[in-house]
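Coordinate analysis (summary)
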Amino acid sequence: IKETLPPPAPSPLLCQQKKESKQYTWKQRPTLRSICRGRRTTILHPTMILLLLLCALATFAAAEEAAIRVFPQRTSTEAAVVEWGHSAIINALDGVVATFGPQTSDGATFEVETTPILAKPIDGLGTKQRSNDEDEYPGKLDNADEVDGNMVIMTDVAGFSGVTMARIAKESGAAALMVVNTDKEGDGDFIYSLEPENEEEERYAEEHIDIPVIMVSLQAGNIITTALATDDMDPAIVNSGGALPERVRLYAGGDRPFFEDAVSKSPVVYLIHNLLSDEECEALLKSAEKKYERIDDTSGTSNYLESSMASEKQGVPTAIDVD
């Protein structure tokens, strides 16, 4: 799913030469002139032109790459829900399941109902000094006794891999791990499926990680850690986990639709995952048969979709034989 930002201004190097009725060679006409944005420009040596074009194309390609952000498409097998509350008021967070550990397809093996506990230190590292070894295991959590049998909540601030964080949680006795993504580039609501970073981690996870591991967004993390907070509650109590729900339930999200605040400005973009099933889409199309005409830009006529459909190539028709 791509968010296409306004294209960069065209490079002045990429101008079209005015067509001449008579053809010349470089030796015959070394001062041949062309029109570029209303100005007369002397044509340079062919080698220099080639170098300038290569630089312009490289700059344009880099700008194009920077103008597109890619968001992962969620599948029902990745979707997880953390829920708390009672019959009158139910609160829930959406998460994404790691590629290792129990999966949503495992049924009861994946589901957990327990108490959420903040990790101490919150990122698994705290004030400890980290060596140059990125895979270094920092040991159990300081509050492992409290974490034992419960869902531990950790952040990714320390930069540990998903498998290392799962090992910290598992060896501290946790029944499940919730990783809060603190990456600010995702506007506070970006999540992805954690996965082993190398073959060694993949083997370790397969042999040792048997607890559910999910990721939630920073916004979701703030919601659950302040679930029971009141206006007069001491912030220190909230920061130590005193405002967490008493019990939470982790289960597979399945085809449950959920929103993701992908971009908060310029422009605002919300992704709605699992909104319609394939069967529902087919039913809608079937119910609309003979009630609309297919849109096709290749006929040479404009249509009302042309200005509303994003295109990676400016000026290229985008609505070609579509419903």
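Relevant structure appears above.
The present account deals with the structure reproduced in this document. The structure presented is a predicted model; accordingly, all values stated were derived computationally and were not measured. (Residues numbered from 1 in each chain as written. Predicted model: local features only at pLDDT ≥ 70, side-chain atom pairs only at ≥ 80, totals over all residues. Heavy atoms only, no water.)

**Things to note about empty space enclosed by the protein**
Empty space among the atoms can be located by rolling a probe the size of a water molecule over them. Heads up, the condition is: Site definitions follow a grid-based scheme: protein atoms alone, a 1 Å grid, a 1.4 Å probe that fits but cannot get out for cavities, and for pockets an open set with protein on both sides within 12 Å along at least five of seven lines, plus lining residues having an atom within 4 Å of a point. Grid points are joined across faces, edges and corners, and a volume is the space filled by probe spheres set on the points. Secondary structure is summarised from DSSP: a helix means a run of H or I of at least four residues, a strand means a run of E of at least two, and numbering begins at the N terminus for each. Residues are sorted three ways: Asp, Glu, Lys and Arg are charged, Ala, Val, Leu, Ile, Met, Phe, Trp, Tyr, Cys and Pro are nonpolar, and all the rest, Gly among them, are polar.
The tally for this structure, following the rule as stated, stands at one cavity of 30 Å³ or more. Its boundaries defined by the atoms lining it, the largest cavity holds a volume of some 30 Å³. Lining the largest cavity are Ala79, Ala80, Val81, Asp94, Gly95, Gly253, Arg256 and Phe258. The set of elements that each furnish at least two residues to the lining of the largest cavity consists of β5 (79–85) and β6 (90–97). Residue contributions to the lining of the largest cavity peak at three residues, all from β5. For the lining of the largest cavity, the residue count by class is four nonpolar, two polar and two charged.

**Observations regarding the packing of aromatic side chains**
For the record, the criterion: The rule is short: rings of Phe, Tyr and Trp, with Trp giving its six-membered ring, pair when the centres are within 6.5 Å, and they are stacked under 30 degrees, edge-to-face over 60, tilted in between. Sitting over a ring, as applied to charges here, requires NZ of Lys or CZ of Arg to be within 6 Å of the ring centre and within 35 degrees of the ring normal.
Scanning the entire structure with this criterion turns up zero aromatic pairs. Of note, Arg167 hangs over the ring of Tyr137, and the distance from its end group to the ring centre comes to 3.8 Å. Over the face of the ring belonging to Tyr251 we find Arg249, whose NZ or CZ atom lies 4.4 Å from the ring centre.

**As for helix α5 (residues 218–225)**
Selection rule: Buried, partly exposed and exposed residues are distinguished by accessible area as a fraction of the type maximum, computed with a 1.4 Å probe on protein chains only: under 20%, between the cut-offs, and over 50%, respectively. Comment: arc refers to directions from the helix axis out to C-beta atoms.
Within the span of α5, buried status applies to Ala220, Gly221, Ile224 and Thr225. For α5, the buried positions fall inside an angular range of 125° around the axis, keeping them on one side.

**Considering the packing of helix α3 (residues 162–171) against helix α4 (residues 199–208)**
What counts is decided by this rule: To obtain an axis, a line is fitted to C-alpha atoms, over the contacting stretch when the element is a helix, and the angle between two such axes runs from 0 to 180 degrees between their N-to-C directions. For classification purposes, an angle smaller than 35 degrees is called roughly parallel, one larger than 145 roughly antiparallel, one from 65 to 115 roughly perpendicular, and anything else oblique. Rotating anticlockwise by less than a right angle from the far helix to the near helix defines a left-handed crossing, while the corresponding clockwise rotation defines a right-handed one. Should any heavy atoms of two residues lie within 4.5 Å, those residues are considered in contact.
Two elements in contact, α3 and α4, have axes whose closest approach is 10 Å; the angle formed by their N-to-C orientations is 30°. Of the possible angle classes, the one that applies to α3 and α4 is roughly parallel. Where α3 crosses over α4, the two elements pack in a sense that is left-handed. On the side of α3, the interface is formed by Val163, Thr164, Arg167, Lys170 and Glu171, while α4 contributes Glu201, Tyr204, Ala205 and His208. Per-class residue counts for the contact of α3 with α4 are three nonpolar, two polar and four charged.

**Concerning the side chain of Asp156**
Which entries qualify depends on this criterion: N or O atoms closer than or at 3.5 Å make up a polar contact, with two conditions inside protein: a donor-capable atom paired with an acceptor-capable one, and, for residues adjacent in sequence, both atoms drawn from side chains.
Tracing the backbone through its elements, the reader meets Asp156 in the loop between β9 (151–155) and α3. At a separation of 2.7 Å, a polar atom in the side chain of Asp156 contacts the side chain of Thr182. Excluding residues within four positions of it along the chain, Asp156 makes contact with Met165, Val179, Val180, Asn181 and Thr182.

**A short note on unusual backbone geometry**
Working note: non-glycine residues mostly have negative phi, and peptide bonds are mostly trans. Here the amide bond leading from Lys120 into Pro121 is cis, since omega sits at -5°, within 30 degrees of zero. Secondary-structure assignment places Pro121 in the loop between β8 (116–118) and α2 (144–147).

**What about the pattern of salt bridges?**
Rules: A pair is scored as a salt bridge if a Lys or Arg side-chain nitrogen falls within 4 Å of a carboxyl oxygen belonging to Asp or Glu.
Under the criterion given, the structure shown has three salt bridges. We note a salt bridge from Arg249 to Glu111, for which the minimum N-O separation is 3.8 Å. Here Glu111 lies in the loop between β6 and β7 (112–114) and Arg249 lies in strand β12 (residues 248–252), a separation of 138 residues in the sequence. When its relative accessible area of 33% is taken as the criterion, Arg249 is described as partly exposed. Given a relative accessible area of 38%, Glu111 falls into the partly exposed group. A salt bridge links Lys170 to Asp210; its shortest N-O distance comes to 3.2 Å. You can see Lys170 sitting in helix α3 and its partner Asp210 sitting in the loop between α4 and β11 (213–216), a full 40 residues away along the chain. On the basis of relative accessible area, Asp210 is assigned to the partly exposed category, the value being 48%.

**A few points about the sheet that holds β9**
Selection criterion: Strands are labelled as partners when DSSP assigns at least two bridges between them.
As summarised here, the arrangement of the eight strands in space is β7-β12-β5-β6-β11-β10-β9-β8, forming an open sheet in which the pairing is mixed. Strands with a single pairing partner mark the edges of an open sheet, and in this sheet they are β7 and β8. Looking at each pair of strands side by side, their axes are set apart by 30° on average, direction ignored. Pairing of β7 with β12, which is carried by three bridges, proceeds in the antiparallel orientation. Looking at β12, one finds that Val112 is bridged to Leu250.

**Some points on the nonpolar core**
Nonpolar side chains in soluble globular proteins tend to be buried together. The criterion, for reference: Residue types Ala, Val, Leu, Ile, Met, Phe, Trp, Tyr and Cys, when buried and joined through side-chain atoms within 4.5 Å, form a set referred to as a nonpolar core.
Core analysis: the largest hydrophobic core is formed by 27 residues, its most contacted members being Phe100, Val152, Met154, Leu177, Leu194, Ile209 and Val213. When residues of this core are traced back to their parent elements, those giving at least two are β9, α3, β10 (176–180) and β11. When residues no more than four places from it in sequence are discounted, the contact partners of Val213 are Val96, Val97, Ala98, Phe100, Ala166, Leu177 and Leu194. Listed in part, the 20 residues of the second largest apolar core include Leu93, Val97, Met178 and Val180.

**Some thoughts on the environment of Thr155**
Tracing the sequence through the fold places Thr155 in strand β9. Linking Thr155 and Gly221, residues 66 residues apart in sequence, is a C-alpha distance of 9.0 Å.

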